[in-house]
Amino acid sequence: MTDIPEDLVEQATRVRENAVADFSKFKVGAALRTEGGDIFTGCNVENATLGLTVCAERVALWKALSEGARAFTEIVVVTAADEPTPPCGACRQLLWEFCGDIPVYMVSTKGKTDTMKMSELFPRAFDKSDL
Ligand code: THU
């Protein structure tokens, strides 16, 4: 697989500082690239209900889709966890449906990285081909 895209790492690391994570204290940043080369970023946003929390990946994806972007090439997720953080199950469903089999670059600010394709992270997915 290709090298980790440093421009996305830089942007995900920057936007991670905006995380609204007063409850978990677990800050996440994501940066998603479109086929046209645009970059959309997102951080996690928590609130008092906890259940209405939105992950960084989904914030980036919603920003992109709402601006009209429809095709994507890669996403970077940055946390400060000891091990690189993979997208949660809900985000996997949405990344699969809207981005397809893109590489997901997981980066810890402590140094470790991991890369997986969406088809590895989310095999045998339900999507519109099942309808
Ligand atoms: N979180 C993300 O934003 N992305 C992930 O990939 C994993 C989890 C957030 C949700 C919540 O705000 C915090 O991390 C702890 O679960």
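A quick note: this is a predicted structure, and the numbers were derived from the prediction, not measured.

Draft legend 1. Seen up close, the site of the ligand. Neighbouring the ligand are 13 residues; Asn-44, Glu-46, Cys-55, Ala-56 and Glu-57 lie closest to it. The side chain of Asn-44 places a nitrogen or oxygen atom 2.9 Å from an oxygen atom of the ligand. Across the complex, the protein chains shield 79% of the 380 Å² of accessible surface that the ligand would expose by itself. Taken together, the residues that form the shell around the ligand break down as 7 nonpolar, 4 polar and 2 charged.

Draft legend 2. Examining the sheet that holds strand β4 (residues 103–108) more closely. Pairing is mixed in the open sheet, where 5 strands are placed in the order β2-β1-β3-β4-β5. Strands at the two margins of the open sheet, each flanked by one partner only, are β2 (39–43) and β5 (113–117). On average, each strand axis in the sheet is tilted by 15 degrees relative to the strand beside it, whichever way the strands run. Relative to β4, strand β3 (residues 72–79) is paired through 5 bridges, and the arrangement is parallel. Bridge pairing links Val-78 to Val-107 in β4.

Draft legend 3. View of the pairing of β2. Where burial is concerned, most of β2 is hidden: 4 out of the 5 residues are buried. Across 5 bridges, the pairing between strand β1 (residues 29–34) and β2 is antiparallel. Directly across from Ala-30, in β2, lies its bridge partner Gly-42. In textbook terms, the turn of a hairpin is the stretch between consecutive antiparallel strands, and for β1 and β2 this stretch comprises 4 residues, one of which, Gly-37, has a positive phi near 100 degrees.

Draft legend 4. Broad picture of the nonpolar core. One finds Leu-32, Leu-61, Phe-72, Ile-75, Cys-99, Val-104 and Met-118 to be the most contacted residues of the largest nonpolar core, which totals 23 residues. At the level of elements, β1, α2 (56–66), β3, α3 (89–99), β4 and α4 (118–121) are the ones that each hand at least two residues to this core. In terms of residues, this core owes the most to one element, α2, which gives 5 residues. Listed in part, the 9 residues of the second largest apolar core include Val-9, Ala-12, Ala-31 and Val-76.

Draft legend 5. Representation of the side chain of Glu-74. In this structure, Glu-74 sits in strand β3. Accessibility expressed as a relative area gives 11% for Glu-74, which makes it buried. Side-chain polar atoms of Glu-74 contact the side chain of Arg-33, separated by 2.7 Å.

Draft legend 6. Region of interest: the packing of α2 against α3. α3 packs onto α2 with a crossing angle of 30 degrees between their chain directions and a minimal axis gap of 10 Å. Relative to α3, the element α2 lies roughly parallel. Seen from above, α2 lies across α3 with left-handed handedness. Of the residues in α3, those touching α2 at Glu-57, Arg-58, Leu-61, Trp-62 and Leu-65 are Ala-90, Cys-91, Leu-94, Leu-95, Phe-98 and Cys-99.

Cut-offs used in this document
- Every residue gets a number counted from 1 within its own chain, in the order that chain's sequence is written.
- Per-residue local features of the predicted model are confined to residues with pLDDT of at least 70, and side-chain atom pairs are confined, for both listing and counting, to 80 or more; whole-chain, interface and lining totals are unaffected and use all residues.
- Side-chain numbers come from the whole structure's heavy atoms, not from hydrogens or water.
- Put simply, a residue is near a molecule or strand once any heavy atom of it comes within 4 Å of that molecule or strand.
- Counted as a polar contact is a pair of N or O atoms within 3.5 Å, where, for protein atoms, one must be capable of donating a hydrogen and the other of accepting one, and residues adjacent in sequence contribute only when both atoms are in side chains.
- Using a 1.4 Å probe, accessible areas were evaluated by the Shrake-Rupley method; residue-level cover was limited to the displayed protein chains.
- Under the scheme applied here, ten amino acids are nonpolar (Ala, Val, Leu, Ile, Met, Phe, Trp, Tyr, Cys and Pro), four are charged (Asp, Glu, Lys and Arg), and all others, including Gly, are polar.
- Here a strand pair is declared whenever DSSP counts at least two bridges between the two strands.
- Segments assigned H or I by DSSP are reported as helices when at least four residues long, segments assigned E as strands when at least two residues long, and all are numbered from the N terminus.
- Angles run from 0 to 180 degrees between N-to-C directions of axes, and those axes are lines fitted to C-alpha atoms, restricted for helices to the stretch in contact.
- Three labels apply to residues, based on accessible area from a 1.4 Å probe with only protein chains included: buried if under 20% of the type maximum, exposed if over 50%, partly exposed otherwise in between.
- Take the buried residues of types Ala, Val, Leu, Ile, Met, Phe, Trp, Tyr and Cys, join any two whose side-chain atoms come within 4.5 Å, and each joined set is a nonpolar core.
- Oblique is the label for any angle not covered by the other classes, which are roughly parallel (under 35 degrees), roughly antiparallel (over 145) and roughly perpendicular (65 to 115).
- Take the far helix as your reference; a near helix turned counterclockwise from it by less than a right angle gives a left-handed crossing, and one turned clockwise gives a right-handed crossing.
- Contacts are residue-level and defined by heavy atoms, with any inter-residue pair within 4.5 Å sufficient.

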